[in-house]
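Residue-level listing of the chains:
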Amino acid sequence: MAEKIRILCIDDEARILRALKALFREHEVHTTSDPKLALLWAKSKDIDVVVCDQRMPQMLGVDLLREIKQVQPRAMRLLLTGYSDLTAVLASVNESEVYRFINKPWDNTELRDLVTQAANIARDVPILPSAPISDSEKEQARRTASVLVIEDDPDTQNRLREILGAHYTVRFANNAERAMQLLEQHETGVVISEAETNAGDWTTLIKLLKQYHPQIPTVVITDRANAQLAIDLINEGQVYRMLIKPVRMGTCRLSVESAIGHYWQLKQNPQALRRFSVSAPKSTGGLLPTWLSGGLLERIKKLPRRLLGSMA
Amino acid sequence: MIWILAILLLLAAAALIWLWLARARLLVEHQSASEALKRMQTTQSQVMHTNKLASLGQMVAGVTHEINTPLGFLRSNAQVVTELLEEHMQIVGKIASALGKFEQVDLAQPQAQEALRRLLPKMQAALKNDERIAESRALLHDALEGVDQISSLVKNLKGFARVDRDGQELWNVNEGVESALMIANHQMKDRIEVIKNLESVPLVRVMPSQINQVFLNLITNAAQAMHERGTLTVSSRRNGETVEIEFSDTGSGIPSAVLPKIFDPFFTTKPVGEGTGLGLSIVHKILTSHQGDIKVHSTPGHGARFTVILPVDHAALKSHSAITRDPA
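How each quantity is defined
Residues numbered from 1 in each chain as written. Chains lettered and ligands numbered in written order. Predicted model: local features only at pLDDT ≥ 70, side-chain atom pairs only at ≥ 80, totals over all residues. Helix = DSSP H or I, 4+ residues; strand = E, 2+ residues; numbered from the N terminus. Rg over C-alpha atoms; globule rule 2.2 N^0.38 Å. Buried ≥ 20, exposed ≤ 12 C-beta atoms within 10 Å, placed from the backbone. Pairing = 2+ DSSP bridges. Core = buried A, V, L, I, M, F, W, Y, C linked by C-beta atoms within 7 Å. Contact = placed C-beta atoms within 7 Å. Domains from an automatic or database assignment. Nonpolar A, V, L, I, M, F, W, Y, C, P; charged D, E, K, R; others polar.

**Concerning the overall build of chain A**
Then step 1. Per the secondary structure count, chain A includes 12 helices and 12 strands.
Then step 2. Taking 312 residues into account, the globule formula puts the C-alpha radius of gyration at 20 Å, and chain A, at 19 Å, falls close to it.
Then step 3. Projected onto its principal axes, the C-alpha coordinates of chain A cover approximately 50 × 40 × 35 Å.
Then step 4. Taken over 312 residues, chain A has a buried fraction of 45%.

Listed below in structure tokens is the structure:
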């Protein structure tokens, strides 16, 4: 990048701030422990990338990032954290829509690459319109794109049918093969999936779908209080929303409505896609589960041409 | 006579049989009672163990958070300083090779002197203005502080868990308050202000690991009672032949109907799955076994105040009164 990246770092530990400033010494780094000042600077200094600590005495990182998103929407938001409780992770997905989650202690090379990548996106990739789509567009989106539920538990299936059936075309798959068939045959606006079930781990499928089809937002349902699983799903799956079981009607419907809107906006603004992209998942160590062997990966890769004529 | 004797014998035999039966019944009762006692002791030790594990989990969470921050800048600084030194070495290398060229030159020559005169200030400036060394020094300074931070955490942790000893010892309660606060810090850091009023108090003879557990339990309860922001005030003082440690929060308080039950086993107001209902009953048990006590005062809506009372060790008391007479 020819121009210096403008980075804003917020942490209550001055030594973390000095370390980050030294790490990004080739760039324009602004550091502060004061959330109010950070909010002011985000706009006035035209920040590209925000690196924010989660636990600070005055304010939680996720809350600050949510506010920064309002004033400087093009900036990419990274959350830095020493210990992740699930509440913080959920808020970072559902409210602050963070780009990546970084654990302390971080790896310098990884963090530099990540910030460079985020800065490129912040500068080159346009943002989606902040206003939600109109009612007529909503209606159109609802008619065009369906909701795919990957779930093998009949109770949860019924629950979701109850909540969403009247409003959306909802299709159910209880295995990967069936999910692929539905994705091939129908334009899908949202994928709702369980993170882990008795049938196995769905997170790899979620991550791979996102890798090749970042336009489809995923809503993940989980009953496990596992913060690391959630972090991986953010970093490698750019999960759009995360719901904890038992699924509540209100939050679920809101999440799906917001996700369909997101899909529709991306369909109209495909140039914004890179903001939601991920690279190949790392946490699986490059090994794919056996169910992916039967040509499923090839089928995942081939999906877009069939579905998104207007985008491809 | 014989009849009387026979009757007496019969009576004696009956009494003996009765006694024998009573003894047998007592034996059975005793056996079942001691079995019940054994069962209760096992349950109790299981409960204590579970509670110990729960506080171990809390401890790990707390320490992970506290250690990862210094580890974060330590790791980063070590790598950055390496880079800065490499860059600095490149400057030094360039200067050395520039100077090396003069080895083959006759320095008596005026051109050589002129060239050297032009070169020297540049070299001097390059070395003097290289901020990498000053920056490295600052980063290393932070790194050393980070190491100290981690060391004191580990020391605190050892003091808290007492992994290396487990018995009664003469102990300063303020030490325990400090280490319990450190362990609980991650539950409070972002929202609760902690005020410490720790006076110099005489030593108590206790099992520190147990009293630490009491302190951690009371601090955790206080943190959970303050849903949003709040203040936790921890004070210690001497009161006659006892030491009092007070934990006062600005949380939701305890309803007066609930107050008499809070030290009962299995009583909890927390949602199912969140509280075992054993915390405060174990606190009470630990303090009773130390000939201590716990008192609670609460105004619903305005927080709660728990006061831990421990007897002063008499030997320590003498030396302490010597200390307190000291005007300093």
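**Concerning the pairing of strand S8 (residues 188–194) of chain A**
All names here are of chain A.
Then step 1. For S8, the tally of buried residues reaches 7 of 7 residues, placing the bulk of the element in the interior.
Then step 2. Bridge analysis of strand S6 (residues 146–150) against S8 gives 5 bridges, and the strand direction is parallel. Considered in S8, the bridge of Ser 146 is made with Thr 188.
Then step 3. Alignment of S8 against strand S11 (residues 218–222), held across 4 bridges, turns out to be parallel. Its bridge partner lying in S11, Glu 194 is registered against Ile 221.

**A word on the nonpolar core**
Then step 1. Val 49, Val 50, Leu 78 and Val 190 of chain A are the most contacted members of the largest nonpolar core, which totals 95 residues.
Then step 2. The dominant element in this core, judged by the number of residues it contributes, is helix H11 (residues 249–268) of chain A, at 7 residues.
Then step 3. Those residues in contact with Leu 78 of chain A, other than ones at most four positions away along the chain, are Val 49, Val 50, Val 51, Val 98, Tyr 99, Arg 100, Ile 102, Leu 114 and Ala 118 of chain A.
Then step 4. By size, the runner-up hydrophobic cluster in this structure holds 38 residues, among which are Trp 171, Ala 222, Ile 245 and Ile 262 of chain B.

**Focus: the domain arrangement of chain A**
It is common to give the size of an interface as the accessible area that goes away when the parts come together.
Residue and element names in this part refer to chain A.
Then step 1. One can read the domain layout of chain A as domain 1 (6–124) and domain 2 (150–307).
Then step 2. Relative placement of domain 1 and domain 2: their C-alpha centres are 27 Å apart.
Then step 3. Across the contact, 12 residues belong to domain 1 and 11 residues belong to domain 2.
Then step 4. Here the side of domain 1 that touches domain 2 gets 6 residues from one element, more than from any other, and that element is helix H4 (residues 86–94).

**Things to note about the interface of chain A and chain B**
Then step 1. Chain A puts 17 residues into the contact, and the matching count from chain B is 22 residues.
Then step 2. Considering every element that reaches the side of chain A that touches chain B, the biggest residue donor is helix H1 (residues 14–23) of chain A, with 6 residues.
Then step 3. Looking at the side of chain A that touches chain B, its residues break down into 10 nonpolar, 2 polar and 5 charged.

**Overview of helix H2 (residues 35–44) of chain A**
All names here are of chain A.
Then step 1. The complete set of buried residues in H2 reads Pro 35, Ala 38, Leu 39, Trp 41 and Ala 42.
Then step 2. At its buried positions, H2 is contacted by strand S1 (6–10), strand S2 (28–32), strand S3 (49–53) and helix H3 (61–71).
Then step 3. The first or second residue beyond H2 is Asp 46, which carries a positive phi of 50°.

**A look at the environment of Val 60 of chain B**
Residue and element names in this part refer to chain B.
Then step 1. Within the secondary structure, Val 60 is located in helix H1 (residues 2–100).
Then step 2. Its 13 C-beta neighbours within 10 Å are what place Val 60 among the partly exposed residues.
Then step 3. With 30 residues separating them along the chain, Val 60 and His 30 place their C-alpha atoms 44 Å apart.

**Observations regarding the pairing of strand S6 (residues 293–298) of chain B**
Consecutive residues of a regular strand have side chains that alternate between opposite faces of the sheet.
All names here are of chain B.
Then step 1. Bridge analysis of S6 against strand S7 (residues 304–311) gives 6 bridges, and the strand direction is antiparallel. Looking across to S7, one finds that Ser 298 is bridged to Ala 304.
Then step 2. Hairpin connection, S6 to S7: the antiparallel pair is bridged by 5 residues, and Gly 301 has positive phi, about 90°.

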